[in-house]
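What follows is each chain in one-letter form.
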Amino acid sequence: MNPLDMSAVREFVNDNIAQFHNGRLRKLENLKLDELLRRKNPYLFRAKNLLKSSEVIESFLEASLSSSEEERFGQFLEALAIFVSEQTCSGQKSSTPGVDLEFSNNDVRYLVSIKSGVNWGNNSQHERLAANLNSAVSRIRQNDRNAHIQTVLGCCYGRSKTVNQTKHGYMKIVGQSFWHFLSGDENLYTEIVDPIGYMAEQRNEDFAGKKSALVNRLSIDFTQRFCDQEGYIDWPRLVEFNSGNMR
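Keep in mind that what you see is a predicted model, and the values were worked out from it rather than measured.

Reading the values: the criteria
- Residues numbered from 1 in each chain as written.
- Predicted model: local features only at pLDDT ≥ 70, side-chain atom pairs only at ≥ 80, totals over all residues.
- Heavy atoms only, no water.
- Helix = DSSP H or I, 4+ residues; strand = E, 2+ residues; numbered from the N terminus.
- Rg over C-alpha atoms; globule rule 2.2 N^0.38 Å.
- Contact = heavy atoms within 4.5 Å.
- Areas by Shrake-Rupley, 256 points an atom, 1.4 Å probe, with all protein chains shown as cover.
- 1 Å grid on protein atoms, 1.4 Å probe; cavity = no way out; pocket = protein on both sides within 12 Å on 5 of 7 lines; lining within 4 Å.
- Points joined across faces, edges and corners; volume = space filled by probe spheres on them.
- Nonpolar A, V, L, I, M, F, W, Y, C, P; charged D, E, K, R; others polar.
- Core = buried A, V, L, I, M, F, W, Y, C linked by side-chain atoms within 4.5 Å.
- Buried < 20%, exposed > 50% of the residue type's maximum accessible area, 1.4 Å probe, protein only.
- Phe/Tyr/Trp six-rings, centres within 6.5 Å; stacked < 30°, edge-to-face > 60°.

**Overview of the overall build of the chain**
Moving on, step 1. A tally of helices and strands in the chain yields 10 helices and 6 strands.
Moving on, step 2. Relative to a compact globule of 247 residues, whose C-alpha radius of gyration would be 18 Å, the chain shows 23 Å and is clearly more extended.
Moving on, step 3. Seen along its three principal axes, the alpha-carbon backbone of the chain occupies a region of about 75 × 45 × 30 Å.
Moving on, step 4. When contacts within the chain are restricted to residue pairs at least 6 apart in sequence, long-range pairs at least 24 apart make up 62% of them.
Moving on, step 5. As presented, the chain carries roughly 14,300 Å² of accessible surface, and 44% of it is formed by carbon and sulfur atoms.

So, in structure tokens, the structure goes:
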């Protein structure tokens, strides 16, 4: 394993975290009221007794942004993990279904599926991952029957200890242990925090300003379309817009 160049890691993070923030802004700029109201559960927000148009818009918007940001940031962490492996073990992004990263270290070929955290997927998704990893191993062994292969589920954050998932056949490596597995550096999991926060205050100020402007615009539109003449939210009309499909 080659030593990790932290200056290269910082440069990679600085460049790619900008893409994350730009993606957040594009999400705001392209968002329309119809799209926002049709994506989320109106019954849930009715149960919260929201009374103002701005409250409805902010609640729907927060729920929509949260799910998209989690997915987008997960993609960033996956790219960072692959970059670290490229620097230390000549790792490379895999095109094999279910495998994100492939690299060799100490005569072992590792096939790694990368997830953000430990709480992902249902039982069928876990079983599908195991099947994909096992298929990848079988394909490699067709050409090299003696290859020493280890399949890995790597989670970028979490406190779970490293375990062999005997039910599914892969090793599960989480949090600090996962970043150490890729780099040989026990402290990498904390060392990447500072570059991830690069210009975060300025970028979040820009985001907050555009988000407030969007809430104001959509609130006006929502009031005109989904409030009655006295200004109360017409929840049946909103639910019909979200879920009505028999006309």
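**Some words on the layout of surface pockets**
Moving on, step 1. A volume near 430 Å³ is recorded for the largest pocket.
Moving on, step 2. Along its surface, the largest pocket is lined by 22 residues, and C156, Y157, G158, G175 and Q176 are the ones closest to its centre.
Moving on, step 3. If one sorts the elements of the lining of the largest pocket by residue count, helix 4 (residues 53-89) sits on top with 5 residues.
Moving on, step 4. Per-class residue counts for the lining of the largest pocket are 10 nonpolar, 8 polar and 4 charged.

**Quick notes on the nonpolar core**
Moving on, step 1. Ranked by size, the top nonpolar core spans 32 residues in total, and within it V112, F178, W179, F181 and L182 carry the most contacts.
Moving on, step 2. Looking at this core, the elements with two or more residues in it are helix 1 (6-30), helix 4, strand 2 (101-105), strand 3 (108-115), strand 6 (170-174) and helix 6 (176-183).
Moving on, step 3. Sort the elements by how many residues they give to this core and helix 4 lands first, with 8 residues.
Moving on, step 4. Filtering out sequence-adjacent residues up to four positions away, F181 remains in contact with M1, F103, Y110, V112, V152 and I173.
Moving on, step 5. The next biggest cluster of nonpolar side chains, apart from the first, holds 24 residues, and it includes L33, L36, F60 and L65.

**A closer look at helix 6**
Working note: α-helix, 3.6 residues per turn, so residues spaced by three or four point in the same direction.
Moving on, step 1. Taken as a whole, helix 6 has its buried residues at F178, W179, F181, L182 and S183.
Moving on, step 2. In this structure, the buried residues of helix 6 make contact with helix 4, strand 2, strand 3, strand 4 (149-155), strand 6 and helix 7 (188-191).
Moving on, step 3. Just downstream of helix 6, G184 is the residue with a positive phi angle, here 80 degrees.

**Let's talk about the environment of G23**
Moving on, step 1. Checked against the element boundaries, G23 lands in helix 1.
Moving on, step 2. Given a relative accessible area of 3%, G23 falls into the buried group.
Moving on, step 3. The spatial distance from the C-alpha of G23 to the C-alpha of F73 is 10.0 Å, given a sequence separation of 50 residues.

**As for the packing of aromatic side chains**
To describe a pair of aromatic rings, one takes the distance between the centres and the angle between the planes.
Moving on, step 1. Inspection of every chain in the model, using the stated rule, returns 11 aromatic pairs.
Moving on, step 2. Seen from their ring centres, Y110 and F181 are 5.1 Å apart, and the 80 degrees between their planes marks the pair as edge-to-face. In this pair, Y110 sits in strand 3 while F181 sits in helix 6, placing the two residues 71 residues apart along the sequence.
Moving on, step 3. A relative accessible area of 16% places F181 in the buried class.
Moving on, step 4. Taking 5.3 Å as the distance between ring centres and 35 degrees as the angle between the ring planes, the aromatic pair formed by F222 and F226 counts as tilted. Residue F222 and its partner F226 are both found in helix 9 (residues 200-226); the two are separated by 4 residues, about one turn of the helix. The pair F222 / F226 is uniform in exposure class, with both members buried.
Moving on, step 5. Put simply, the rings of F103, Y110, F178, W179 and F181 pair up and form one aromatic cluster.

In short, shape yes, function no, at least from these values alone.
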